[in-house]
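Okay, here's what each chain looks like letter by letter:
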Amino acid sequence: MTQAVAKTILEVRNVSKHFVVKKNLFSKKRLIEAVRNVSFEVIEGESLGLVGESGSGKSTTANLILRLLDCSEGRISFRGTVISDLTEGDMRRLRKDIQIIFQFTSSILDPKMTVEELLTEPLRIHGVVEEHELDPEVNRLLSLVGLSPDERPKYPDQLSGGQIQRIIIARAIAPRPKLIVCDEPVSALDVSIQGQILNLLTRLKSELELTYLFISHDLKVVRHICDRIAVMYKGEIVEIGTKDDILSNPEHDYTKHLLSSEL
Ligand SMILES: Nc1ncnc2c1ncn2[C@@H]1O[C@H](COP(=O)(O)OP(=O)(O)OP(=O)(O)O)[C@@H](O)[C@H]1O
Ligand SMILES: [Mg+2]
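So, a few notes on the structure that sits alongside this text.

1. Some thoughts on the sheet that holds strand β3 (residues 47-51)
Moving on, step 1. The mixed open sheet is built from six strands, whose spatial order is β6-β7-β8-β3-β9-β10. Where the open sheet ends on each side, the last strands, each with one partner, are β6 (98-101) and β10 (236-242). Taken pair by pair, the neighbouring strands of this sheet meet at an average axis angle of 15°, ignoring direction.
Moving on, step 2. In the packing of helix α6 (residues 191-207) onto the sheet, the strands contacted are β3, β6 and β8 (211-216), and the crossing angle to β8 comes to about 160°.

Right, here's the structure in full:
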């Protein structure tokens, strides 16, 4: 019997990020160690959950992976290439391959753009299809996220919260990425809509052969969608393992606390 070899798509190795902050002109500089010596791998095709309380460094980790921030120490590699070594041209490629879905807020979409324009924009920027194929491609994206072509002329303020989150997801899948970093994609949504969006993300993952790094402070959400879980606490990864291991046999006090507060 042949078995598929697990391939690492993303490798985070001994990564730290500190911020220097000054409250005001006269106060002393203070060092915030947002991420401390973090190492983990994401395997192609999996969904790795990153859980932790507010301020534990989850979004900072996401921003480092997307190179929206630079690491203070350590390195991050995507498909074997160290991302800090990439040239501007290679970065464009990386921006296509790694997408992020941020936490839902209605202000995340330009209120002056229609759904059609919002979906055409990433297709053009990344040169995904020829100009004459834009129209059917917009419809294909809408159908992938469970929306009808009737939504094309609408503006964001004419859409429901769930519909807006579907458009945000459609924009993220438009460049045909390999990896999507989902940073709390459902936490601001109504509980009834959360389930629908999680089901959509699960379906898209298998249909489009995606890999997810799925950030959430909510174990219920992570339980629903992830294969493995990494637990972050005060800037460090305190444990990582399969979903079953972490949920049925937590080792770190913070994970135990997360699990008990879920009941
Ligand atoms: N640009 C910045 N400048 C200074 N400090 C920052 C900056 N970004 C993040 N921090 C600090 O780094 C720490 C980690 O923040 P981060 O946003 O990564 O947490 P998080 O786990 O995503 O939290 P949440 O669940 O609330 O989104 C926090 O103490 C935060 O205040
Ligand atoms: Mg965050």
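2. Some thoughts on the packing of helix α5 (residues 161-173) against α6
Moving on, step 1. At a minimum axis distance of 10 Å, the contact between α5 and α6 shows a crossing angle of 20°. Classified by the angle their axes make, α5 and α6 are roughly parallel. Relative to α6, the crossing made by α5 is right-handed. Facing G162, Q165, R166, I169 and I173 of α5, the residues of α6 in contact are I193, Q196, I197, L200, L201 and L204.
Moving on, step 2. Here the contact of α5 with α6 is composed, by residue class, of seven nonpolar, three polar and one charged.

3. Some points on a nonpolar patch on the surface
Moving on, step 1. Residues L68, F102 and I108 make up a contiguous nonpolar surface patch of about 250 Å² in total accessible area.
Moving on, step 2. Structurally, I108 can be placed in the loop between β6 and α3 (115-125).

4. Quick notes on the sheet that holds strand β5 (residues 81-82)
Moving on, step 1. On the basis of which strands lie adjacent, the open sheet formed by four strands has the order β2-β1-β4-β5 and antiparallel pairing. The outermost strands of the open sheet, each flanked by one partner alone, are β2 (30-43) and β5.
Moving on, step 2. Looking at chain direction, strand β1 (residues 8-21) and β2 are connected through 10 bridges and run antiparallel. Bridge pairing links V21 to R30 in β2.

What counts as what
Residues numbered from 1 in each chain as written. Chains lettered and ligands numbered in written order. Predicted model: local features only at pLDDT ≥ 70, side-chain atom pairs only at ≥ 80, totals over all residues. Heavy atoms only, no water. Pairing = 2+ DSSP bridges. Helix = DSSP H or I, 4+ residues; strand = E, 2+ residues; numbered from the N terminus. Axes fitted to C-alpha atoms, helices over the stretch in contact; angles between N-to-C directions. Contact = heavy atoms within 4.5 Å. Parallel < 35°, antiparallel > 145°, perpendicular 65-115°, else oblique. Left-handed = near helix turned anticlockwise from the far one by under 90°. Nonpolar A, V, L, I, M, F, W, Y, C, P; charged D, E, K, R; others polar. Patch = residues over 30% accessible without salt bridge, like charges linked within 9 Å, V, L, I, M, F, W, Y side chains within 5 Å. Areas by Shrake-Rupley, 256 points an atom, 1.4 Å probe, with all protein chains shown as cover. Salt bridge = Lys/Arg side-chain N within 4 Å of Asp/Glu carboxyl O.

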